Amino acid sequence: MQDHLPDGGAVRKIWVGETDAYRDHLLRLDPESRARRFSGGVSDEFIARHAASAGEVGVVVHGFFVDGVLRGAAELRPYGTGFAREGEAAFSIEQPWQSQGVGSLLLERTLLSARNRGIKHLHMHCLADNKRMQQLARKFEADLHFDFGSVVGEVDPPRSTVLSLMREAMADAHGVTSSILEAQSRLLGAA
Ligand SMILES: CC(C)(COP(=O)(O)OP(=O)(O)OC[C@H]1O[C@@H](n2cnc3c(N)ncnc32)[C@H](O)[C@@H]1OP(=O)(O)O)[C@@H](O)C(=O)NCCC(=O)NCCS
């Protein structure tokens, strides 16, 4: 489930207590990636507030970790509370890890989570000249309907099934196991 990732990389959901790691990752983005992630210039304070809000109920952030450090993220944010049918997804990968397949895996996981939560329309605010994001979206054309003439792309994930729920549960279990193993190896390394 972690195939095609750069060396030492792993993808798992971030936990509520890890919003500081999310903030630090977003602050490390180079200026161009930061502008693309937030569709314009934003301050460090804005980023800190945004990252803290990732701990809110319903928000799902998949993280790409390298040696325990968060280097990429995909944020899924339902619109409103309760059983939202629409939501928003946004992606951020630190420059040295871009164009290595991380975004593709994060989008795949995000679509699975959206599907399992009954989200029917997923918006992605993407600058019209963001070729990489457009190419990434095209790989999921079966599930996505994009109109890059505007800055908003919409996806229409298929319904959840027992299998899709199991796939997400298995990915979560794998994420927990790998983070425990990683914490253990860091402890042993420090001893
Ligand atoms: C956009 C982003 C999420 C893509 O993730 P990524 O890990 O770099 O992308 P991937 O390696 O999975 O590649 C996705 C596709 O884009 C293609 N691609 C890679 N670099 C590219 C480039 N410079 N121009 C055009 N296409 C490119 C890849 O070939 C791949 O398609 P393929 O598998 O059909 O060959 C990532 O680069 C990023 O975080 N950028 C800054 C923030 C941003 O733009 N966020 C999106 C707005 S929400």
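Scroll up for the structure.
What you are looking at is a predicted structure, and each value in this text was computed from that prediction instead of being measured.

A.B. asks: Please give an account of the overall build of the protein chain that cites residues and values.
C.D. replies: Secondary structure summary: the protein chain contains 6 helices and 7 strands in total. Each helix and strand of the protein chain, placed in order from N terminus to C terminus, yields the pattern β-α-α-α-β-β-β-α-β-α-β-β-α. A total of 191 residues make up the protein chain; the buried ones form 45% of that total. Summed over its atoms, the accessible surface of the protein chain is roughly 10100 Å², and 57% of this surface lies on carbon and sulfur atoms.

A.B. asks: So what's going on with the pairing of strand β3 (residues 69-78)? Which residues, and what values?
C.D. replies: The buried fraction of β3 amounts to 8 of the 10 residues, a majority that puts the element mostly inside the structure. Here 7 bridges tie strand β2 (residues 60-66) to β3, and the two strands are oriented antiparallel to one another. By the bridge assignment for β3, H62 is matched with A74. Here β2 folds back onto β3 in antiparallel fashion, the turn holding 2 residues, of which D67 has a positive phi close to 50°. Of the pairings in the sheet, the one linking β3 to strand β4 (residues 86-93) comprises 7 bridges and is antiparallel in character. What sits directly across from G72, in β4, is I93.

A.B. asks: So what's going on with helix α5 (residues 131-138)? Which residues, and what values?
C.D. replies: Among the residues of α5, M133, Q134, L136 and A137 are the ones counted as buried. Summarising the axial view, the buried residues of α5 lie within an arc of 160°, below the 170-degree limit, and thus occupy one face.

A.B. asks: Talk me through the site of the ligand; I want residue IDs and the actual numbers.
C.D. replies: Taken together, 22 residues surround the ligand, and among them I93, S99, G101, G103 and S104 come closest. Between an oxygen atom of the ligand and a side-chain N or O atom of K139, the distance comes to 2.9 Å. In isolation the ligand exposes 940 Å². Once the protein is present, 77% of that is buried. Residue assignment for the shell around the ligand shows that the elements contributing at least two residues are α2 (31-37), β4, α4 (102-116) and α5. With 5 residues, α5 is the largest single contributor of residues to the shell around the ligand. Of the residues contributing to the shell around the ligand, the split by class is 6 nonpolar, 11 polar and 5 charged.

What counts, and where the lines are drawn
- Think of each chain on its own: its residues are numbered from 1, step by step along the sequence as written.
- Local features in a predicted model are, by the rule used here, given only for residues with pLDDT of at least 70; side-chain atom pairs are given and counted only at 80 or more, and totals for whole chains, interfaces and linings are based on all residues.
- Hydrogens and water are ignored here; the side-chain numbers use all heavy atoms of the structure.
- We count a stretch as a helix when DSSP gives it H or I for four or more residues in a row; a strand needs E for two or more, and each element gets its number in order from the N terminus.
- Exposure is judged per residue with a 1.4 Å probe applied to protein chains only, and the accessible area is read against the type maximum: over 50% gives exposed, under 20% gives buried, and values in between give partly exposed.
- Only the protein chains shown count as cover for residues, and the accessible areas themselves come from Shrake-Rupley with a 1.4 Å probe.
- Whether two strands pair comes down to DSSP finding at least two bridges between them.
- The arc in question is traced by the directions running from the helix axis to the C-beta atoms.
- Throughout, near means a residue has at least one heavy atom within 4 Å of the molecule or strand.
- Here a polar contact means two N or O atoms within 3.5 Å. Within protein one must be a hydrogen donor candidate and the other an acceptor candidate, and residues neighboring in sequence count only if both atoms are side-chain atoms.
- The classification used treats Ala, Val, Leu, Ile, Met, Phe, Trp, Tyr, Cys and Pro as nonpolar, Asp, Glu, Lys and Arg as charged, and all other residues, Gly among them, as polar.

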